[in-house]
Amino acid sequence: MESRVLSHAAAFAAVPQLRKLPRETCRSGGLCFAAPKRIGTVGEGGNLIWGRKLRPALLLESSQGAGTREILRPCLAAASSPAGGGDSAGEAKIAPVGFFNKYPALVTGFFFFMWYFLNVIFNILNKKIYNYFPYPYFVSVVHLFVGVVYCLVSWAVGLPKRAPIDSNLLKLLIPVAVCHALGHVTSNVSFAAVAVSFTHTIKALEPFFNAAASQFILGQQIPFTLWLSLAPVVLGVSMASLTELSFNWVGFISAMISNISFTYRSIYSKKAMTDMDSTNVYAYISIIALIVCIPPAIIIEGPQLMKHGFNDAIAKVGVTKFVSDLFWVGMFYHLYNQLATNTLERVAPLTHAVGNVLKRVFVIGFSILVFGNKISTQTGIGTVIAIAGVAMYSFIKAKMEEEKRQLKST
């Protein structure tokens, strides 16, 4: 918007026009200006600022009263004219309602669907890779590497804009990232060693470790009802483990270490609460976790990979499929984790907790169907009991958190 500043001698030409202004002058679009009251001449040091829309105002300064100002502010007429043209002021425009705001339930449902879909696809593709390339440390690095590249590209195009990080926040995120890296690697070691369904059954014990850490490490009192709801989880996992056909100690212990690691990740995450958005936080955690995972992968699996690991995999499926499988499993891993975080931001904790339980049911069910894993009757019953216990625990805990928030708000 163009504006002109007339000062001192240059302003005299505008003074006669100001004196001829009527009592009230209306411009197109219903914009009116109240008649000015002369409190001094512009040539005595006042400035005249004039434009064509609402932003500029007429300012006349009196030389007699220092600091005394009268500003002529525009006001809208009672009945605005619908005259068109880009120069008409006062024409109110209502911003169109976006799709995300118009159909929130539909958008949230889509988030849940994509979360489940990507998680199931990741678990199935991940296990297929381990069937011909049993190197979980290297594959874990690939998961994180693809995710980090995705984050860097997203930052480069500004979707989202990279949030700055300082040394204090970095110190808070490092323990979270280390626990994330350890939990991720040990989960993959378990996935490579035993059936996917069995690993997820063991990982159903994670709420038990969370409750134990809250009680004995953080000193938070856990209600008896919450402990009681965990009994079916322990019982179900025990039943499933005793008769699991693919059982081995490497897979079982790795899954248990993963539970402990993710429990400590939750503890450190509470200490590292920040105003940074979840997308940027997860990106920084992924970068740090990648740095942590690279040395063990080189030390533990590096010699075997160079000797025959890569060659055996390429001989079985070809170099194109091998590379594409690694790329897509990394993409699915990053996207399903990111969508899980985004879904949590859109729904209440109770809804997210129930959704997390159902996700595990979907993964176990689809993995059994795709891989044709044979499970005993006792393993099936134990899995159902464990999942039911997790659902009960999640429901009770989410209700307790909701009651705490209501008490704080009141």
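Residues numbered from 1 in each chain as written. Predicted model: local features only at pLDDT ≥ 70, side-chain atom pairs only at ≥ 80, totals over all residues. Heavy atoms only, no water.

*Asks:* What is the right way to read the side chain of Asn-123 from this model?
*Replies:* Residue placement: Asn-123 occurs in helix H3 (residues 104-132). Given a relative accessible area of 5%, Asn-123 falls into the buried group. Here Asn-119 takes part through its backbone oxygen, which lies 2.7 Å from a polar atom of the side chain of Asn-123. In this view, Asn-123 contacts Phe-191, Val-196, His-200 and Val-363; residues no more than four positions away in its chain are not counted. (Helix = DSSP H or I, 4+ residues; strand = E, 2+ residues; numbered from the N terminus. Buried < 20%, exposed > 50% of the residue type's maximum accessible area, 1.4 Å probe, protein only. Polar contact = N/O pair within 3.5 Å; in protein donor to acceptor, adjacent residues only side chain to side chain. Contact = heavy atoms within 4.5 Å.)

*Asks:* Is there a simple way to explain helix H4 (residues 136-157) in this structure?
*Replies:* Because each turn of an α-helix spans 3.6 residues, side chains separated by three or four positions end up pointing in the same direction. The end-to-end C-alpha separation of H4 is 32 Å, in line with the 32 Å expected for 22 residues at 1.5 Å each. A positive backbone phi angle near 80° is found at Gly-158, which sits one or two residues after H4. (Expected span 1.5 Å × (residues − 1).)

*Asks:* Where do I start with the pattern of salt bridges in this structure?
*Replies:* Should the charged atoms of two oppositely charged side chains come close, the side chains can pair. Inspection of the entire model under this criterion finds one salt bridge. Here Lys-321 and Asp-325 are joined by a salt bridge, their closest N and O atoms 3.3 Å apart. Residue Lys-321 and its partner Asp-325 are both found in helix H11 (residues 319-346); the two are separated by four residues, about one turn of the helix. With relative accessibility at 41%, the residue Lys-321 sits in the partly exposed group. (Salt bridge = Lys/Arg side-chain N within 4 Å of Asp/Glu carboxyl O.)

*Asks:* How should the packing of aromatic side chains be read in this particular structure?
*Replies:* By convention here, two paired aromatic rings are described through the distance between centres and the angle between planes. Throughout the structure, instances matching the rule amount to 25 aromatic pairs. When the centroid spacing of 5.1 Å and the interplanar angle of 70° are considered together, the rings of Phe-327 and Trp-328 count as edge-to-face. With relative accessibility at 40%, the residue Phe-327 sits in the partly exposed group. Connected via pairs of aromatic rings, a cluster forms that spans Tyr-132, Phe-133, Tyr-135, Phe-138, Phe-310 and Phe-322. (Phe/Tyr/Trp six-rings, centres within 6.5 Å; stacked < 30°, edge-to-face > 60°.)

*Asks:* Help me out: how do you make sense of the nonpolar core in this one?
*Replies:* The tendency in soluble globular proteins is for nonpolar side chains to be buried as a group. Membership of the largest hydrophobic core comes to 44 residues, with the highest contact counts inside it found for Trp-115, Ile-129 and Phe-133. Counting residues per element, this core draws most heavily on H3, which supplies 13 residues. Excluding anything up to four places from it in sequence, Ile-129 contacts Val-139, Asp-325, Leu-326 and Val-329. Judged by nonpolar contacts, the second largest core, of 22 residues, contains Phe-198, Phe-252, Ala-255 and Val-357. (Core = buried A, V, L, I, M, F, W, Y, C linked by side-chain atoms within 4.5 Å.)

*Asks:* Help me out: how do you make sense of helix H8 (residues 224-242) in this one?
*Replies:* End to end, H8 covers 28 Å across 19 residues, agreeing with the expected 27 Å (1.5 Å per residue, within 8%). Lining the buried residues of H8 we find helix H6 (196-202), helix H7 (206-216), helix H9 (249-271) and helix H13 (377-409).

*Asks:* Looking at this structure, I do not really get the environment of Leu-245. What am I missing?
*Replies:* Within the fold, Leu-245 resides in the loop between H8 and H9. Counting along the chain gives 130 residues from Leu-245 to Ile-375, while the straight-line C-alpha distance between them is 6.7 Å.

*Asks:* Any chance you could explain a nonpolar patch on the surface here in plain terms?
*Replies:* A contiguous nonpolar patch, built from Phe-145, Val-149, Val-153, Val-157 and Leu-159 and spanning about 500 Å² of accessible area, is present on the exposed surface. With respect to the helices and strands, the residue Phe-145 is situated in helix H4. (Patch = residues over 30% accessible without salt bridge, like charges linked within 9 Å, V, L, I, M, F, W, Y side chains within 5 Å. Areas by Shrake-Rupley, 256 points an atom, 1.4 Å probe, with all protein chains shown as cover.)

*Asks:* I keep staring at a positive patch on the surface and nothing clicks. Help me out?
*Replies:* Taken together, the side chains of Lys-270, Lys-397, Lys-404 and Lys-408 present a region of like positive charge at the surface. Among the elements that make up the positive patch, the one with the highest residue count is H13 (three residues). With respect to the helices, strands and loops of the structure, Lys-270 is situated in helix H9. (Lys, Arg positive; Asp, Glu negative; His and termini not counted. Charge placed at Lys NZ, Arg CZ, Asp CG, Glu CD.)

*Asks:* Honestly, the packing of helix H5 (residues 167-193) against helix H10 (residues 278-317) in this entry has me stumped. Any pointers?
*Replies:* Axis angle and axis distance: for two packed helices, these are the angle between their axes and the distance between the axes, and together they describe the pair. For the pair H5 and H10, interaxial distance at closest approach is 8 Å and the crossing angle is 60°. In terms of crossing hand, the pair formed by H5 and H10 is right-handed. Every residue of H10 that contacts H5 at Leu-170, Leu-173, Ile-174, Val-176, Ala-177, Val-178, His-180, Ala-181 and Val-185 is listed here: Val-281, Tyr-282, Tyr-284, Ile-285, Ile-288, Ala-289, Val-292 and Cys-293. Of the residues assigned to the contact of H5 with H10, the class counts are 16 nonpolar, one polar and no charged. (Axes fitted to C-alpha atoms, helices over the stretch in contact; angles between N-to-C directions. Left-handed = near helix turned anticlockwise from the far one by under 90°. Nonpolar A, V, L, I, M, F, W, Y, C, P; charged D, E, K, R; others polar.)

*Asks:* Looking at this model, I keep getting lost on the packing of H5 against H9. Mind explaining?
*Replies:* Two elements in contact, H5 and H9, have axes whose closest approach is 8 Å; the angle formed by their N-to-C orientations is 160°. Relative to H9, H5 is oriented roughly antiparallel. Crossing of H5 over H9 shows left-handed handedness. Here the contact of H5 with H9 is built from residues that sort into 13 nonpolar, 11 polar and two charged. (Parallel < 35°, antiparallel > 145°, perpendicular 65-115°, else oblique.)

That's the geometry; what it means functionally is another story.
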